[in-house]
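Given next are the chains, with one letter for each unit.
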Amino acid sequence: MGIPPPDEPPAADGELQPEAPHVAGSQETRAGRCERNATASVVLAVLAVLSMIVTAPLAMFAILGTYPSDGPSPTPWVAPLVFFSLPLLFALPSLGLAISVMRNSPDPSPDRSSVAFALCVAGLVVALAIGPALDQLGN
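Bear in mind the structure is a predicted one, so any value in this text is a computation, not a measurement.

Counting residues in each nonpolar core, the largest one holds 13 residues, and the members touching the most others are Ala45, Ala91, Ala122 and Val125. Mapped onto this core, the elements with two or more residues apiece are α1 (21–66), α2 (78–104) and α3 (111–137). Counting residues per element, this core draws most heavily on α3, which supplies 6 residues. In contact with Ala122, not counting residues within four places along its chain, are Ala45, Ala91, Ser94 and Leu95.

Here is the structure:
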């Protein structure tokens, strides 16, 4: 409350006091945490795109199994569900991590450019998944 601890001499008027070690350490851990979260967000966004390669053959098999030859399918939602199930498991946490890094990292941080890339890629995956979902709501 304005009174220095007894073991520290009072600071002169123009003199800056050194920063407390726990404050400096918390800033370093915050920067490290932002860097790790940014890296994790980029990795998850790339995995979301790569997982579409894995789920595409499964979605094609789901199309063959659910679309009859004599008319419209009673379950047209199965193929998009199969196709986007795994990519969304990677894209949604990537978006969460990227948004938290954007909020918590300092403005000139190099993590912001990698997080912007992750936001674009994961956002595109989520937007592609929302399209068929919204299309099915109208039926």
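Past the structure itself, the notes keep going.
The N-to-C vectors of α2 and α3 enclose an angle of 145°; their axes lie 8 Å apart at closest approach. For α2 against α3, the interelement crossing comes out left-handed. Listed contacts from α3 to Pro80, Phe84, Pro87, Leu88, Ala91, Leu92, Ser94, Leu95, Ala98, Ile99, Val101 and Met102 of α2 are Asp111, Arg112, Val115, Ala118, Leu119, Ala122, Gly123, Val125, Val126, Leu128, Ala129 and Pro132. Classifying every residue of the contact of α2 with α3 gives 20 nonpolar, 2 polar and 2 charged.

So, about α3. Over its 27 residues, α3 runs 38 Å from end to end, which matches the ideal 39 Å to within 8%, given 1.5 Å per residue. Listed as buried for α3 are Asp111, Val115, Ala118, Val121, Ala122, Val125, Val126 and Ala129.

Turning our attention to the confidence of the model for the protein. Of the residues in the protein, 78% have a pLDDT of 70 or more, and the chain-wide mean is 81. When pLDDT is averaged over each element of the protein, α2 comes out on top at 91 and α1 at the bottom at 83.

Attention now goes to the side chain of Asp111. Mapped onto the elements, Asp111 comes out in helix α3. Buried Asp111, no salt bridge; nearest opposite-charge side chain is Arg112, N-O distance 8.9 Å. The contacts of Asp111, once residues within four sequence positions are left out, are Ala31, Cys34, Glu35, Ala38 and Val101.

Cut-offs applied
- Within any chain, residue numbers begin from 1 and follow the written order of that chain's sequence.
- Residue-level local features of this predicted model are given only where pLDDT is at least 70; pairs of side-chain atoms are given and counted only at 80 or more, and the full residue set underlies all totals for whole chains, interfaces and linings.
- Here the side-chain values reflect all heavy atoms present in the structure, with hydrogen atoms and water set aside.
- Buried Ala, Val, Leu, Ile, Met, Phe, Trp, Tyr and Cys residues form a nonpolar core when they are joined through side-chain atoms within 4.5 Å.
- Per-residue accessibility, obtained with a 1.4 Å probe over protein chains only, is compared with the maximum for each type, and a residue is labelled buried under 20%, exposed over 50%, and partly exposed between these values.
- Segments assigned H or I by DSSP are reported as helices when at least four residues long, segments assigned E as strands when at least two residues long, and all are numbered from the N terminus.
- In what follows, a contact means two residues having at least one pair of non-hydrogen atoms within 4.5 Å.
- Fitted lines through C-alpha atoms serve as axes, helices being fitted only where they are in contact, and the angles separating the N-to-C directions of these axes extend from 0 to 180 degrees.
- Handedness of each helix crossing follows the sense of rotation of the near helix against the far helix: counterclockwise by less than a right angle gives left-handed, clockwise gives right-handed.
- Residue classes follow a fixed rule: Ala, Val, Leu, Ile, Met, Phe, Trp, Tyr, Cys and Pro count as nonpolar, while Asp, Glu, Lys and Arg count as charged, and any other residue, Gly among them, counts as polar.
- In this analysis, the expected span of each helix is defined as 1.5 Å times one less than the number of residues it contains.
- The predictor rates its confidence in each residue with pLDDT, a number between 0 and 100.
- The convention is simple: Lys and Arg are positive, Asp and Glu are negative, and His and the chain ends are not counted.
- Only one rule defines a salt bridge in this text: a Lys or Arg side-chain nitrogen within 4 Å of an Asp or Glu carboxyl oxygen.

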